[in-house]
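Remarks on the overall topology
Listed below are the residues making up each chain.
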Amino acid sequence: MAVAAKREAARTGRTLQDILKNPASLILAFREDAFLSAENFFYRPLVLVSFILNSWSGTAAWGYRLVNLLFHLAASCLTLRLLLKLGQSPALAHVMAVLFALHPANVNAVAFIGGRNETLLALFIIPSVLFFIAWRERPSSLNLIGHLGFWILALLTKESAVV
């Protein structure tokens, strides 16, 4: 990522900081990738939008990590809700949600600023699954729209949401 940013900065004179400070980047995020580079194969505009919005409160690393932590806590709560919806006992669901929250495999999603895409994906894919389950139980256009809406948000966060 550092090499791509430096290469793009050398080619265009624009840095990631320039992108983050430009309010028009909120719209441009959906047209172009993070470094405006044809060599980047990722299309993750919601991740870039979250970084842009985060940067408006300052660019200190702790602010980004705090937002990552809050996203992870929300994903952990959604995990609990999903487990309960899938019929797990409340005690087991709580234990599993706490394990999800504390498991070392999730450290990079919180501590590594660039790992935000993993947590954002969980924040969108879990509600998509919850709405899908609700739609299967009680077919309604609201449940279907909720499912498809959150799935589209997940797709705009990370490509693996297609699975």
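**A closer look at the overall build of the chain**
The number of helices and strands found in the chain is 9 helices and 0 strands. The buried share of the chain, taken over its 163 residues, is 36%.

**Re the pattern of salt bridges**
Inspection of the entire model under this criterion finds 3 salt bridges. Residue R44 is joined to E159 by a salt bridge in which the shortest nitrogen-to-oxygen separation is 2.8 Å. With R44 in the loop between α3 (25-28) and α4 (45-55) and E159 in the segment after α9 (141-155), this residue pair connects regions lying 115 residues apart in the sequence. By relative accessible area, which is 30% here, E159 ends up partly exposed. As a salt-bridge pair, E118 and K158 come within 2.3 Å of each other at their nearest N and O atoms. Here E118 is found in helix α8 (residues 116-137), whereas its partner K158 is found in the segment after α9, with 40 residues between them in sequence. Residue K158 is classed as buried on the basis of its relative accessible area of 13%.

**Structural notes on the confidence of the model for the chain**
Here the chain shows a mean pLDDT of 82. Residues at 70 or above account for 75%. Counting contacts from residues 1-9, a segment whose pLDDT is below 50, to residues more than four positions away or on other chains yields 11 contacts.

**A short note on the packing of aromatic side chains**
All chains considered together, the criterion is met by 3 aromatic pairs. Arranged with centres 6.1 Å apart and planes meeting at 55 degrees, the rings of F51 and Y64 form a pair that is tilted. Of the two residues, F51 is situated in helix α4 and Y64 in helix α5 (residues 61-85); the sequence distance between them amounts to 13 residues. What makes F51 buried here is its relative accessible area of 15%.

**Observations concerning the side chain of S76**
With respect to the helices and strands, the residue S76 is situated in helix α5. If sequence neighbours within four positions are ignored, S76 has contacts with A97, F100 and A101.

**Comments concerning α4**
Within α4, 10 of the 11 residues are buried, leaving the element largely enclosed by the surrounding structure. Along α4, the positions that sit buried rather than exposed are P45, L46, V47, L48, V49, S50, F51, I52, N54 and S55.

**Considering a nonpolar patch on the surface**
Taken together, the side chains of W62, L66, L69, L70 and L73 present a nonpolar region at the surface, about 510 Å² in accessible area. Looking at the secondary structure, you find L70 in helix α5. The class of L70 is partly exposed, set by a relative accessible area of 47%.

**Overview of α5**
Look at α5: 36 Å from first C-alpha to last across 25 residues, which is about the 36 Å you get at 1.5 Å a residue. Three or more residues of α5 are buried, namely G63, Y64, V67, N68, H72, A75, S76, L78, T79, L80, L82 and L83. A positive phi of about 95 degrees marks G87, the residue just after α5.

Definitions and cut-offs
Residues numbered from 1 in each chain as written. Predicted model: local features only at pLDDT ≥ 70, side-chain atom pairs only at ≥ 80, totals over all residues. Heavy atoms only, no water. Helix = DSSP H or I, 4+ residues; strand = E, 2+ residues; numbered from the N terminus. Buried < 20%, exposed > 50% of the residue type's maximum accessible area, 1.4 Å probe, protein only. Salt bridge = Lys/Arg side-chain N within 4 Å of Asp/Glu carboxyl O. pLDDT = per-residue confidence, 0-100. Contact = heavy atoms within 4.5 Å. Phe/Tyr/Trp six-rings, centres within 6.5 Å; stacked < 30°, edge-to-face > 60°. Patch = residues over 30% accessible without salt bridge, like charges linked within 9 Å, V, L, I, M, F, W, Y side chains within 5 Å. Areas by Shrake-Rupley, 256 points an atom, 1.4 Å probe, with all protein chains shown as cover. Expected span 1.5 Å × (residues − 1).

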